[in-house]
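Okay, here's what each chain looks like letter by letter:
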Amino acid sequence: MDEKLTRSRLIRIWWAWQWRTVVATFMGSLVLITVFAFFAGFFGMDKGLITAIGNLIYMGVGIFASIYFLGFVLKKDYGDFKLSIEERTYCKKEEPKIRPDEPEGSQTGDRIV
């Protein structure tokens, strides 16, 4: 593990992400499942199907909240540290240059004169 990424910092990052995700998942799914179950029951949908769709709603809200708050946590300033994302740069492979004075079929990358 990197010396800058200590166990204490990992726990702070994890906690900042998890409590938001858990609360948002609970509240969001509570509202959506309650509304869905009310209308589904009103229209006579089977109880097992309502439960299965409710579980899918819960899972969908959880995934959405997890991704949303991960972005929030990555941008957060923690006081003594801040997370950053670095893009890697790779060297581009240089393509052989076409010489306009020769026909295309006789041009090669390795030319001995």
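Source: prediction; values computed, not measured. (Residues numbered from 1 in each chain as written. Predicted model: local features only at pLDDT ≥ 70, side-chain atom pairs only at ≥ 80, totals over all residues. Heavy atoms only, no water.)

## Some details on helix α2 (residues 47-75)
Threshold: Segments assigned H or I by DSSP are reported as helices when at least four residues long, segments assigned E as strands when at least two residues long, and all are numbered from the N terminus. Take the number of residues in a helix, subtract one, and multiply by 1.5 Å to get its expected span. Only protein chains enter the calculation, and the probe is 1.4 Å; a residue is then buried if its accessible area is under 20% of its type maximum, exposed if over 50%, and partly exposed in between. Note on definitions: a residue-residue contact is assigned when non-hydrogen atoms from the two residues lie within 4.5 Å.
The terminal C-alpha atoms of α2 lie 42 Å apart, and with 29 residues this matches the ideal 42 Å at 1.5 Å per residue to within 8%. Three or more residues of α2 are buried, namely Ile-50, Gly-54, Val-61, Gly-62, Ala-65, Phe-69 and Val-73. Contacts from the buried residues of α2 go to α1 (7-42).

## A closer look at the pattern of salt bridges
Pairing between side chains of opposite charge can happen when their charged atoms approach one another. Filter applied, for reference: By salt bridge we mean one thing: a side-chain nitrogen of Lys or Arg within 4 Å of a carboxyl oxygen of Asp or Glu.
Counting across every chain of the model gives two salt bridges. Here Arg-9 and Asp-80 are joined by a salt bridge, their closest N and O atoms 3.8 Å apart. Here Asp-80 lies in the segment after α2 and Arg-9 lies in helix α1, a separation of 71 residues in the sequence. Asp-80 is paired through a salt bridge with Arg-12; the nearest N and O atoms lie 3.0 Å apart. Placement of Asp-80 in the segment after α2 and of Arg-12 in helix α1 is noted, with a sequence separation of 68 residues between them. For Arg-12, a relative accessible area of 34% translates into the label partly exposed.

## Remarks on the packing of aromatic side chains
The criterion, for reference: Pairs were defined over the aromatic rings of Phe, Tyr and Trp, the Trp ring being its six-membered one, requiring ring centres within 6.5 Å. Orientation was assigned from the angle between planes: stacked under 30 degrees, edge-to-face over 60, tilted for the rest.
The tally for this structure, following the rule as stated, stands at eight aromatic pairs. Residues Trp-14 and Trp-15 carry aromatic rings whose centres are separated by 6.1 Å and whose planes lie at 45° to one another, so their mutual orientation is tilted. Between the aromatic rings of Phe-64 and Tyr-68, the centroid separation amounts to 6.3 Å while the plane-to-plane angle is 15°, which identifies the pairing as stacked. Linking Phe-64 with Tyr-68, this pair stays in helix α2, spanning four residues, or about one helical turn. The pair formed by Phe-64 and Tyr-68 is uniform in burial state, with each residue classed as exposed. Taken together, the aromatic side chains of Phe-38, Phe-39, Phe-42 and Phe-43 make up a single cluster linked through ring pairs.

On their own, these measurements won't tell you what the molecule is for.
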